[in-house]
Amino acid sequence: MKITKIVSASLALVLGWSGTALAQDEVDALRYTRYGLTGSARIQGIGGAQTALGADVSTMASNPAGLGMFRRSEFSITPGLGFSTSTGRVGGISTNDERNSVAVPHIGFVFADQQANEDSDWRGGTFGISFSRLNNFNNRTSYRNTAGGQDPTIVEYFTELANLRGRTQADLDNEFDNGFISMEGLAYGTFLFDFDEDGFAIPTARVGNIDQSEEIIRRGSQNQIDIAGGTSYRDKIYLGASLGVVTSDFRQERIFSEAEGSADTDFTSLQLRDEYRTRGTGVNLKLGVIVRPSDVIRFGASIQTPTLYNFDETYQRSMYTQFLPGESYSEAELPGEFSYKLKTPFRASGGVAFFLQKYGFITADIEYVDYANARYSESDDFSGNSNYFNNINDRISSNYKSAINLRLGAEARYEVFRFRAGYAITGDPYRNADFDGKINTFTLGTGIRLNKYYADIAFTSSTTNSLYSPYNFSDPSVFVPVVDIEDKLNTVLLTFGYNF
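Please read these numbers as outputs of a predicted model, since none were measured by experiment.

What counts and how
Residues numbered from 1 in each chain as written. Predicted model: local features only at pLDDT ≥ 70, side-chain atom pairs only at ≥ 80, totals over all residues. Heavy atoms only, no water. Helix = DSSP H or I, 4+ residues; strand = E, 2+ residues; numbered from the N terminus. Buried < 20%, exposed > 50% of the residue type's maximum accessible area, 1.4 Å probe, protein only. Core = buried A, V, L, I, M, F, W, Y, C linked by side-chain atoms within 4.5 Å. Contact = heavy atoms within 4.5 Å. Salt bridge = Lys/Arg side-chain N within 4 Å of Asp/Glu carboxyl O. Pairing = 2+ DSSP bridges. Phe/Tyr/Trp six-rings, centres within 6.5 Å; stacked < 30°, edge-to-face > 60°.

Draft legend 1. Main features of unusual backbone geometry. The amide bond that connects L324 to the next residue, P325, takes the cis arrangement and shows omega of 0°. The topology assignment puts P325 in the loop between strand 11 (308-323) and strand 12 (327-332). Positive phi values are uncommon outside glycine, yet F191 reaches one of about 65°. As for its placement among the helices and strands, F191 is situated in the loop between helix 6 (183-189) and strand 5 (193-195). For F191, a relative accessible area of 44% puts it in the partly exposed group.

Draft legend 2. Structural context of the nonpolar core. Ranked by internal contacts, the top residues of the largest apolar core, which has 61 residues, are I154, F158, L192, F193, L270, M319 and Y376. In terms of residue count, the dominant contributor to this core is helix 4 (residues 154-164) (6 residues). In contact with F193, not counting residues within four places along its chain, are F158, T159, A162, L172, E184, A187, Y188, A201, I202, P203 and T204. Counting 8 residues, the second-largest nonpolar core is a separate cluster that includes V57, M60, V110 and Y454.

Draft legend 3. Here's a closer look at the pattern of salt bridges. All chains considered together, the criterion is met by 27 salt bridges. With a shortest N-O distance of 3.4 Å, D97 and R140 are connected by a salt bridge. Here R140 lies in strand 4 (residues 139-147) and D97 lies in strand 2 (residues 93-112), a separation of 43 residues in the sequence. Looking at D97, the relative accessible area reads 12%, which means it is buried. Residue class for R140 comes out partly exposed when judged on its relative accessible area of 25%. Close ionic contact of R251 with D249 constitutes a salt bridge, the shortest N to O distance being 4.0 Å. Overall, R251 belongs to the partly exposed group, its relative accessible area being 33%. Within this structure, R42, D56, E411, R413, R418, R420, R449 and D456 form a network of salt bridges that share partners.

Draft legend 4. Main features of the environment of S182. Counting through the fold element by element, S182 comes out in the loop between helix 5 (169-178) and helix 6. In this structure S182 comes out as buried when scored by relative accessible area, which is 5%. For the pair S182 and R133, spaced 49 residues apart in sequence, the C-alpha to C-alpha distance is 36 Å.

Draft legend 5. Spotlight on the pairing of strand 11. Two elements, strand 9 (residues 267-291) and strand 11, share 16 bridges in a ladder whose sense is antiparallel. Bridging from a neighbouring strand, R273 pairs with S318 of strand 11. Where strand 11 and strand 13 (residues 336-343) come together, 8 bridges link them in antiparallel fashion. Counterpart to D312 in the pairing with strand 13 is S339. Pairing geometry for strand 11 and strand 12, over 6 bridges, is antiparallel. Across the sheet, Y320 pairs through a bridge with S330, a residue of strand 12. Linking strand 11 to strand 12, which pair antiparallel, is a turn of 3 residues; within it G326 sits at a positive phi near 85°.

Draft legend 6. Summary view of the pairing of strand 19 (residues 439-449). The sheet contact formed by strand 18 (residues 417-426) and strand 19 spans 10 bridges and is antiparallel. Across the sheet, residue T426 finds its bridge partner in strand 19, namely I439. The hairpin formed by strand 19 and strand 20 (residues 453-468) contains 3 residues between the paired strands.

Draft legend 7. Local environment of helix 4. Across the 11 residues of helix 4, 8 count as buried, placing the element largely inside the fold. Within helix 4, burial applies to I154, V155, Y157, F158, T159, E160, L161 and A162. In this structure, the buried side of helix 4 is in contact with helix 6, strand 5, strand 6 (201-203), strand 8 (237-260), strand 9 and strand 11. Backbone geometry just after helix 4 places G166 at a positive phi near 65°.

Draft legend 8. Molecular detail of the packing of aromatic side chains. What the rule picks out here adds up to 32 aromatic pairs. Seen from their ring centres, F267 and F323 are 5.9 Å apart, and the 75° between their planes marks the pair as edge-to-face. Highlighted residues: F267 in strand 9 and F323 in strand 11, separated in sequence by 56 residues. F323 shares its class with F267; the two are buried.

Listed below in structure tokens is the structure:
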């Protein structure tokens, strides 16, 4: 069946409530590798296409060769508003959630050497520092579903975990006495399953339809500070390099519930809560070049080394259950924390820009990223878990692939006014999924340019689709709820700039 293929083919399903306490997986590797639009309102207004453009503060985060085009120093700041909407669809039921955020996704300062020797082939140097938001993680998703009386639910999933792992009543009793360290331990401690005389875990009795619901709340962002320099050779060839320091703060809370209304069994409801937070820091290096053979056309190219991250993670899960006649049980997993490393893939970009004299320009970018090359590794205090990371890395290689990201933009000029539009496609990273995982982004913008001051405003709208399942069984033919999620992010940005 088609759902089976989706479940087995793509980790966009997130694999829901993992039985292991370790939270990082291939989904996290993609999260920290797949970027949204970045830069000032001017650049985002043209779909982020700036590899060949240059002369914008945002160039430090994409192609630092653009710094060589500056003739004056410059400062800019870009506050923004984000409006995210998530729609979860399953079993013919749609549930909408919204979340708004306020941030400053870009700040930049450029210092241009105005004492450059005009008689030299090399026209001095330009240095800069910028702050860019690579990802906005703020999002809230929810859904509701009704499982039929014959459909296994998350209770059967807990039971299967216990049986597949060979858990015995004695070792789960040990968890009960000394602290829970597993998902099946939590389920056992809150009486969702017991053991028969042969030592097999069996789920608590339930009859009729089971109402399911889940809320997933995500917060945080991924940001990059670039320290860059650029120069110009005869105003024809521009070279640049930048050191990027990336920081990431991601928090997620998931609340899953099941409820049964029948009085024929003791079970009434359960609630499973999962909370974890990851904070990391990474570094990368970017090298770029822009060639301007004439005033009409420019070509640009840049490469970015893999970003080398160190992450620290904290997590905790808890379970709450209710049974007739009015009995309730609550247990929590021992809180945990650990550290690990992540290497993201190499990135390469190329671009071209056509200038229509004083009337504006058209620009286009193409970027290559092989998501299958992301790799986890142990930190010094994570010894003994190399097999765990090897398994994740194998799944990254088998579930992800290389992708092409395309960006296209245009700017029209009339006296001091600017009018912009753009379109970007973030390519599908999934190898064999039965859904389209690309992200489509449409952008509009306008601005005004004066001698020393400028102001720009941009609107961006991104849409992406994914699939999610809260749990999965070892037999992929067993029915599980598959939620079709559509995420939309609309952003309004306003840039203020000053030349000096």
